[in-house]
Each structure stands twice: as C-alpha cells, then as structure tokens.
Amino acid sequence: MKKSTLRIISGLLFFLISLSNLNAYMVKYKEDWYKLYHVHYQQYPDDCIENIYWLEQAVKADFCNPQFCDFKVTNEKQWEKYRYLFQMHINLKLIEQHLRLGRTYDKKCIYFYDSPWKDEYLRNMQKALSCYQAGLYYWQEAKIWYEKANAPSFNFLFITEKQNWEDERERIYTGELNYERMLNREIERLEKNIAELEEMDKKY
C-alpha cells in the first residue's frame, strides 16, 4: 500500500475519533441517566435488566442545576415538587420493568404434564417471584415521594410540562394506580403455583 494512501486512511481515522469525542458527554445527573431508559416494542429480559440499571443509577444520582432542567423552573417551590415527582416516577418505572421481567419467567398455569421440566420451571418462577417482591419495595419508595409531592402546600401548583407525572400522582391519590394490590395478587398466585409444582412427581 502506498504511503500517501496510508496517510489518508490515518487522517480519516483521526478525524472520526476526534468527531466521536466531540459528541461524547458525561452521564452524571439524574436527568442524564433517565434519558438512557427506553422501552422497546418487543422487550426481552436483557432490555429490562438494562433499563433497571439505568433507572437505579438515576435514583442514586443528584439532580442537575435547575437552569439545565428540560423545562423552565421559575421558583424554588416548583423545583421542590419537580424533584418529588421525578423520584416517584422513576420508582414507578422500576416497578413496571420488574413486572415485565418477572412475566418473562412466570408460568401462569401448572399442568400435570409439566413434571419433566419441574426444576427448570421452579428456577424461573423463583426469578419471577424475586422480581415481583422487588416491585413491592419500589412501590413503598414511590409512595414516599408521592406523599411529598401531594402535600397541601402544593395544592395549587401543577407542573404542566410534566403532566404525565402529575397524572401518576393523582392516580395514586384516587387509588386507581395501586401496584401493591397487583403485585401481591401476582405473588400469591405464583407462590401457589410453586408449591403445586414442588409437590409434583416427575412421573410423566
């Protein structure tokens, strides 16, 4: 290969590397981690696990400066409610992802001919159970932040730019959104199925 050709290839590589570095940014704040969360039309277990990781990082991270928020923050009270709603919303999304992940391992019904695959089914059902139990933890966290966001001092303050978060808060208030009821129902059903499967002999 000619030296001139090598110099052109080297130059192009250097340019591309430099260009990629210009577009890179540090994921540091809660808002940055949340932007990495995404839902596929068809979501596989790895997609759920990835989303759970991004959301858990978002829970632990600090908020960005109000001036860099994705809507115009006009006062401290608005900024306070925004933070409570955000934490509530992230925990609700963590519940959704654990439910999605749990359902990929869940076996809704037990049949008499399942006995040859008993051990495999039990392993998967234990994974599903741990997902639903984790969801209960995040529901308790979501309720803590809901209560803060639903305080009387915020009665006449609505963040319209985050209407879906406000809707979630209102649905928890009215009882329309109650993951605890749903999760407990799934856990109770799954525990019965696990017990039934454990008692099954491998005779078919």
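As the structure is a computational prediction, the values presented were derived from the model and not from experiment. (Residues numbered from 1 in each chain as written. Predicted model: local features only at pLDDT ≥ 70, side-chain atom pairs only at ≥ 80, totals over all residues. Heavy atoms only, no water.)

### Structural notes on the environment of Tyr137
Rules: In this text, helices come from DSSP runs of H or I with a minimum length of four residues, and strands from runs of E with a minimum of two, each type numbered from the N-terminal end.
Structurally, Tyr137 is set in helix H5 (residues 118-149). A sequence separation of 46 residues divides Tyr137 from Asn91, and the C-alpha atoms of the two residues are 9.2 Å apart.

### Observations concerning a nonpolar patch on the surface
Quick note on the threshold: The residues that make up patches have over 30% relative accessible area and no salt bridge, and they are joined within 9 Å when like-charged or within 5 Å when they are Val, Leu, Ile, Met, Phe, Trp or Tyr. Methods summary: accessible areas were calculated by the Shrake-Rupley approach with a probe of 1.4 Å, and residue burial reflects only the protein chains presented. By definition here, a salt bridge exists when the distance from a side-chain nitrogen of Lys or Arg to a carboxyl oxygen of Asp or Glu is within 4 Å. When a residue's accessible area, from a 1.4 Å probe over protein chains only, is under 20% of the maximum for its type it is buried; when over 50% it is exposed; and in between it is partly exposed.
On the surface, Tyr111, Phe112 and Tyr113 cluster together into a nonpolar patch covering about 340 Å² of accessible area. Along the polypeptide, Tyr113 turns up in the loop between helix H4 (76-105) and H5. Overall, Tyr113 belongs to the partly exposed group, its relative accessible area being 43%.

### Brief notes about the layout of surface pockets
Test applied: Every definition here rests on a 1 Å grid over the protein atoms only: cavities are sets of points where a 1.4 Å probe fits but cannot get out, pockets are open sets enclosed by protein on both sides within 12 Å along at least five of seven lines, and lining residues have some atom within 4 Å of a point. Grid points are joined across faces, edges and corners, and a volume is the space filled by probe spheres set on the points. Only Asp, Glu, Lys and Arg are considered charged, only Ala, Val, Leu, Ile, Met, Phe, Trp, Tyr, Cys and Pro nonpolar, and every remaining residue, Gly among them, polar.
Of the voids in this model, the largest pocket is the one considered here, and its volume is about 160 Å³. Lining of the largest pocket is provided by Glu31, Asp32, Tyr34, Lys35, Cys64, Phe68, Cys69, Asp70, Tyr82, Phe86, Lys162 and Trp165. Broken down by element, the lining of the largest pocket gets its largest block of residues, four residues, from helix H2 (residues 30-36). A per-class count over the lining of the largest pocket returns seven nonpolar, no polar and five charged.

### Describing the packing of aromatic side chains
For clarity, the cut-off: The criterion for an aromatic pair is that two Phe, Tyr or Trp rings (for Trp, the six-membered ring) have centres within 6.5 Å, with stacked assigned to planes under 30 degrees apart, edge-to-face to planes over 60 apart and tilted to the rest. Throughout this description, the term charge over a ring refers to an Arg CZ or Lys NZ atom that lies within 6 Å of the ring centre and within 35 degrees of the ring normal.
In this structure the tally under the stated criterion is 19 aromatic pairs. When the ring of Phe71 is compared with that of Tyr82, the centres are 5.3 Å apart and the planes differ by 55 degrees; the resulting orientation is tilted. In this pair, Phe71 is assigned in the loop between helix H3 (45-60) and H4 and Tyr82 in helix H4, connecting sequence segments 11 residues apart. Pair check on accessibility: Phe71 and Tyr82 agree, each one buried. In this structure, Lys148 packs its charged tip against the face of Trp145, placed 5.8 Å from the ring centre. When the ring centre of Trp165 is taken as origin, the NZ or CZ atom of Lys162, which lies over that ring, is 4.7 Å away.

### As for the pattern of salt bridges
Opposite charge on two side chains permits them to pair, given that their charged atoms come into close proximity. Applying the stated criterion across every chain yields a total of 14 salt bridges. Between Arg189 and Asp106 there is a salt bridge, with the nearest N and O atoms lying 2.4 Å from each other. Here the residue Arg189 occupies a position in helix H7 (residues 179-198), and Asp106 occupies one in the loop between H4 and H5, the gap between them amounting to 83 residues. Residue classification places Arg189 among the partly exposed positions, given a relative accessible area of 22%. For the salt bridge of Glu188 with Lys192, the shortest nitrogen-to-oxygen distance reads 3.8 Å. Taken as a pair, Glu188 and Lys192 lie in helix H7 at a separation of four residues, close to a single helical turn.

### Remarks on the packing of H5 against H7
Stated formally: The convention used is that axes are lines fitted to C-alpha atoms, helices contributing only their stretch in contact, and that angles between N-to-C directions extend from 0 to 180 degrees. Roughly parallel means an angle under 35 degrees; roughly antiparallel means over 145; roughly perpendicular covers 65 to 115; every other angle is labelled oblique. Whether a crossing is left-handed or right-handed is set by the direction in which the near helix is turned from the far one by less than a right angle, anticlockwise for left-handed and clockwise for right-handed.
Running from amino to carboxyl end, H5 crosses H7 at an angle of 160 degrees, the nearest separation of the two axes being 9 Å. As far as their axial angle goes, H7 and H5 are roughly antiparallel. Here H5 and H7 pass one another in a crossing that is left-handed. Of the residues that constitute the contact of H5 with H7, the class distribution is 14 nonpolar, six polar and seven charged.

### Details of the confidence of the model for the chain
Note the cut-off: Note on scores: pLDDT gives the predictor's confidence for each residue, bounded by 0 and 100. In what follows, residue pairs with any heavy atoms lying within 4.5 Å of each other are defined as contacts.
Counting all residues, the mean pLDDT for the chain is 88, and 86% of those residues have values of 70 or more. The low-confidence segment residues 15-23, where pLDDT is below 50, has zero contacts with residues more than four positions distant or belonging to other chains.

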